[in-house]
2 protein chains.
Amino acid sequence: MELKEDERIDDLLADQSMQIIQSPSVFAFSLDAVLLAHFANVPIKRGKIIDLCSGNGVIPLLLSQQSQVPITGVEIQDRLFDMANRSIQMNQLTDQIKMIHGDLKDMPALFGNDKFDLVTVNPPYFPTSSKKHHNHNDYLTIARHEVFCTLEEVVETCSKLAKSGGKVAMVHRPSRFIDIVTLFRTYKIEPKRIRFVYPKKDREANMLLIEGIRDGKSDVKMLPPLYAFTDEGEYTPELEGILYGRK
Amino acid sequence: MELKEDERIDDLLADQSMQIIQSPSVFAFSLDAVLLAHFANVPIKRGKIIDLCSGNGVIPLLLSQQSQVPITGVEIQDRLFDMANRSIQMNQLTDQIKMIHGDLKDMPALFGNDKFDLVTVNPPYFPTSSKKHHNHNDYLTIARHEVFCTLEEVVETCSKLAKSGGKVAMVHRPSRFIDIVTLFRTYKIEPKRIRFVYPKKDREANMLLIEGIRDGKSDVKMLPPLYAFTDEGEYTPELEGILYGRK
């Protein structure tokens, strides 16, 4: 597999069953993506999945290990789209995963509304209230800041793409939690399962996993917290299990 | 102190510093109220507090141990209002705590808007979609079901009573969480601190503590989870500390 500039091939899961191309200067997948892929309720044999803001394809790659259904990934940055495609080839998953190079906001027009059983998204976390970030259009800024899409545009797009009864799963920061649940409601995605990730005991949560159902009824479950590290700074057994790809 | 029918005097905190009148057939305070009183950010020396749906006065009594400011309790049920008043006398707190026998929805007209630094409420948890509960107007049904006030009426009233910058603290069930945060937003109470209570490890949350600020900015903190019981079924050290009145 051809590698460009400072790209390298990393293990995607600790069991070394999958590899992924990444680059410290362009994009490297985060724990957030791994936890979202583990958290989402995935259709196994029937249906279709779409992943928005796919970056280097980490979530489609991980979901393919749990599901036989077709998976579409969408990435707006040419360089990341290209990395994702090469990782899909490298893992021999071109039959199951298709990447689209485009803007997530154009996907409902491309696919039509109400098409997917699961929409996953690990969106940019940081609002860009100042113009500063808009002039900083490097890879990492676009992946992390709401340069090309706001949180509201992401949620609206997820809502359009999901079937009625289909699921939308997102990972984000807890500080945006209230924004997210109110936007979910506004766009008729009813939050059904929420899990907070805590770096360790007695600390505030630093990650939010949320799954809603398009046109679902109001009744949310707060799942047990997930702790990332022990007091000794080691992975907790639960996180280690996730990193080893155990469901 | 005069006791009526099956009333009894119970310790309010495990350190036996306060007592409260209750009755198994009418109203007995719950862990929920104790946790709310512990969770709320209480003005210590200046300001005013109002507690809605006060029942037998458990929250005003508990808050008086943390604060010197005047506390108003509001209870619609005559019998509970009477129990609360006798408990306040018994604990010699008549200078600090005043109970009002009335409907919480009438309080903004009585006090005016924007008057309180803290509004606390442990509202009825269960919606009454069927007419069944409306015919069941016994004490416990009214305390537990939305017979006299809906969740939206509670939130709207809290919003009116709180000053701009004042706090609203509520305890409720996690299943209503999304309803609560969307109603908070609708009535301009921005959720700022949220804590979920889990009965024990690896179980779903069964209680929600939430505090918002009237006209606050969007930025919520997810506090560490609170576990009630150990795997052995005993109080966790943290819950035990709360029940002993340690802040």
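Located above this text is the structure these notes cover.
Residues take numbers from 1 onward in each chain, read along the sequence in its written order. Lettering for chains starts from A, numbering for ligands starts from 1, and both go in the order in which the items are written. Local features in this predicted model are restricted to residues of pLDDT 70 or higher, and side-chain atom pairs are both shown and tallied only at a pLDDT of 80 or more, whereas totals for entire chains, interfaces and linings draw on every residue. The basis for every side-chain value is the complete set of heavy atoms in the structure, and neither hydrogens nor water enter the calculation.

Focus on the state of the cysteines
Note on terminology: a disulfide is the covalent bond linking the sulfur atoms of two cysteines.
Here is step 1 of the chain: What counts as a disulfide here is a pair of cysteine sulfur atoms lying within 2.5 Å. A full pass over the atoms with the stated rule returns zero disulfides over all chains.
Here is step 2 of the chain: Sulfur of Cys53(A): no disulfide; nearest cysteine sulfur belongs to Cys149(A) and is 4.6 Å away.

As for the relation of the copies chain A and chain B
Here is step 1 of the chain: The atoms used to superpose the copies are C-alpha atoms, taken from residues with pLDDT of at least 70 in both, and the fit is least squares. The transformation that overlays chain A on chain B combines an axial shift of 0.0 Å with a rotation of 180 degrees, and the residual RMSD is 0.0 Å. Both copies of the chain, as the preceding transformation shows, are related through a two-fold rotation axis. Measuring from the rotation axis to each C-alpha of chain A, the shortest distance belongs to Thr182(A), at 2.9 Å.

Things to note about the nonpolar core
Here is step 1 of the chain: In these notes, a set of buried Ala, Val, Leu, Ile, Met, Phe, Trp, Tyr and Cys residues joined through side-chain atoms within 4.5 Å is what counts as a nonpolar core. Relative accessibility thresholds used throughout: buried, under 20% of the residue-type maximum; exposed, over 50%; partly exposed, between the two (1.4 Å probe, protein chains only). If you look at the biggest cluster of nonpolar residues, it comprises 71 residues, and the most contacted ones within it are Leu52(A), Phe177(A), Ile194(A), Phe196(A), Phe177(B), Ile194(B) and Phe196(B).
Here is step 2 of the chain: When residues no more than four places from it in sequence are discounted, the contact partners of Phe177(A) are Ile194(A), Phe196(A), Leu208(A), Phe177(B), Ile194(B), Val220(B) and Met222(B). Only heavy atoms matter for contacts: two residues are in contact if any of them lie within 4.5 Å across the pair.

Description of helix α3 (residues 78-90) of chain B
Residues and elements named next belong to chain B.
Here is step 1 of the chain: Secondary structure elements are taken from DSSP: a helix is a run of H or I of four residues or more, a strand is a run of E of two residues or more, and numbering for both begins at the N terminus. Helices are assigned an expected span. That span is 1.5 Å times one less than the residue count. Taking 1.5 Å per residue as the helical rise, α3 with its 13 residues ought to reach 18 Å, and the 18 Å between its terminal C-alpha atoms agrees with that figure.
Here is step 2 of the chain: Tucked inside the fold, the buried residues of α3 contact β2 (19-22), α2 (58-64), β4 (71-75), β5 (97-101) and α5 (139-144).
Here is step 3 of the chain: Once α3 ends, the next one or two residues include Gln92, with phi positive near 55 degrees.

Looking at the packing of aromatic side chains
Here is step 1 of the chain: Classification of ring pairs rests on two measures: the distance between centres of Phe, Tyr or Trp rings, Trp counted by its six-membered ring, which must be within 6.5 Å, and the angle between planes, read as stacked under 30 degrees, edge-to-face over 60 and tilted in between. Counted according to the given criterion, the structure contains nine aromatic pairs over all chains.
Here is step 2 of the chain: Pairing Phe111(A) with Phe116(A) gives two aromatic rings, centres 5.2 Å apart and planes at 80 degrees, and the pair type is edge-to-face.
Here is step 3 of the chain: Accessibility expressed as a relative area gives 26% for Phe111(A), which makes it partly exposed.
Here is step 4 of the chain: When its relative accessible area of 2% is taken as the criterion, Phe116(A) is described as buried.
Here is step 5 of the chain: An aromatic cluster is defined as three or more aromatic residues linked by ring pairs; in this entry it consists of Phe177(A), Phe196(A), Phe177(B) and Phe196(B).
Here is step 6 of the chain: The side chain of Lys48(A) reaches across the aromatic face of Phe116(A), ending 5.4 Å from its centre.
Here is step 7 of the chain: Only lysine NZ and arginine CZ atoms are considered, and such an atom sits over a ring when it is within 6 Å of the ring centre and within 35 degrees of the ring normal. Directly above the aromatic system of Phe39(B) lies the positively charged group of Arg193(B), at a separation of 4.4 Å from the ring centroid.

Here we look at the packing of helix α6 (residues 151-161) of chain A against helix α7 (residues 177-186) of chain A
Residue and element names in this part refer to chain A.
Here is step 1 of the chain: The axes used here are C-alpha line fits, helices contributing only the stretch in contact, and every angle between their N-to-C directions lies in the interval 0 to 180 degrees. One way to put it is that α6 packs onto α7 with a least axis distance of 10 Å and a crossing angle of 40 degrees. When the axes of α6 and α7 are compared, the pair comes out oblique. α7 is crossed by α6, and the crossing has right-handed handedness. In contact with Leu151, Glu152 and Val155 of α6, α7 contributes Asp179, Ile180, Leu183 and Phe184.
Here is step 2 of the chain: Each residue gets one of three labels, nonpolar for Ala, Val, Leu, Ile, Met, Phe, Trp, Tyr, Cys and Pro, charged for Asp, Glu, Lys and Arg, and polar for the others, Gly among them. Taken together, the residues that form the contact of α6 with α7 break down as five nonpolar, no polar and two charged. Between 65 and 115 degrees an angle is taken as roughly perpendicular, under 35 as roughly parallel, over 145 as roughly antiparallel, and anywhere else as oblique. Take the far helix as the reference: if the near one is turned anticlockwise from it by less than a right angle, the crossing is left-handed, and if turned clockwise, right-handed.

Read these as layout, nothing more, since geometry by itself doesn't imply function.
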